[in-house]
Amino acid sequence: MIVLAVLFAVLGAVSNAVGTAFQRKAASTVPRGGGIRLLRALVRRPAWSIGIAGVVGAALFQALALVNGPMALVQPLFILELPFALLIAVPLMHRRLSRDGWWAVGAVVAGLAVLLASAAPSGSRDQASMARWIPVLIVTLGVMAAAFLLARSSSSPLFRAAALASAAAVGNALTAALLKSATGRLADAGLSAFLTTWQTYGFALTGVLALLLLENSLQAGPLVASQPALTIGDAAVSLLLGVVLFDESVRTGWWLLPAAVGALFILRGVLRLTRVVPHLADVVR
């Protein structure tokens, strides 16, 4: 089951990377604006349709991964979306990845492997009581609203992209938690239970909200500002939600040392990627 969870999570990361890269290409061709007006303009772009197909495929792979493994394992694997997205975006935007870029990609992948091997996330619950859901919903939705307001108050494209992407990351993590619970109902009690549980409609709503935030973050600034905030934030919040909601566990004690080393490798790789690929936003139209 864990092997299947890892496989589907990696496929989901690849699919989401395709979606992000093509959505970025589409968003960069739209005049300044946001919200529903931005979405209306994007639906006319073929690149955006490809991006949405990638996002849909990622959601299906994500659901399969969450059914087969703990959220604290599945969602951090989506960090791989960052190197995949850059590797896809580079040829899409007629760029070449330097040797430093390849080393940075390797650092992210190696760091993630060390981190997950050290933490060894485990746990099989897919349901949580309302006593846990209510504070989680209040905090996550509150953080998303605060990040959105901060983005609106700033004139810096880098800050706005990062803030909106952070809000989207929290939305993605919340969507994953709701999706895990809803698909658990589907697996345990069938389609009728899936259609009557509130989590099903919850993940649909939060998923749309996260998508709108993502679209605005991609238009607000460069991919190197939005993508790290999106992938790292998603992984971190998802791991926390897995522990809080579903009683998932990670190894502690001396295992924290190699886990910290892995996290530092990831951070180093991400920071390096933002420096060696500084012109990904300059899409050749």
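Reading the values: the criteria
- Residues numbered from 1 in each chain as written.
- Predicted model: local features only at pLDDT ≥ 70, side-chain atom pairs only at ≥ 80, totals over all residues.
- Heavy atoms only, no water.
- Core = buried A, V, L, I, M, F, W, Y, C linked by side-chain atoms within 4.5 Å.
- Buried < 20%, exposed > 50% of the residue type's maximum accessible area, 1.4 Å probe, protein only.
- Helix = DSSP H or I, 4+ residues; strand = E, 2+ residues; numbered from the N terminus.
- Contact = heavy atoms within 4.5 Å.
- Expected span 1.5 Å × (residues − 1).

K.L.:
Explain the nonpolar core here, please?
P.N.:
One broad rule of soluble globular proteins: the nonpolar side chains tend to lie buried together. Counting residues in each nonpolar core, the largest one holds 42 residues, and the members touching the most others are Trp133 and Leu245. Ranked by residues supplied to this core, first place goes to helix α8 (residues 157–189) with seven residues. Setting aside residues no more than four positions away along its own chain, Leu245 makes contact with Arg125, Gln127, Ala128, Arg132, Trp133, Val136 and Ala177.

K.L.:
It is not clear to me how α8 should be interpreted in this structure. Could you clarify?
P.N.:
Because an α-helix completes one turn every 3.6 residues, residues spaced three or four positions apart along the sequence face the same direction. Taking 1.5 Å as the rise per residue, α8 with 33 residues should run 48 Å; its terminal C-alpha atoms sit 47 Å apart, in good agreement. Where α8 terminates, the next one or two residues include Gly190, which has phi positive at roughly 95°.

K.L.:
Looking at this structure, I do not really get the environment of Ala193. What am I missing?
P.N.:
Within the secondary structure layout, Ala193 lies in helix α9 (residues 191–196). Once the C-alpha coordinates of Ala193 and Ala182 are considered, the two residues, 11 residues apart in sequence, prove to be 8.6 Å apart.

K.L.:
Mind showing me how you'd approach the environment of Val67 here?
P.N.:
Its place among the elements puts Val67 in helix α3 (residues 46–68). Assessed through its relative accessible area of 41%, Val67 is described here as partly exposed. When the C-alpha positions of Val67 and Leu179 are compared, they lie 9.3 Å apart, and in sequence the two are 112 residues distant.

Take it as geometry only, folks, not as evidence of what the structure does.
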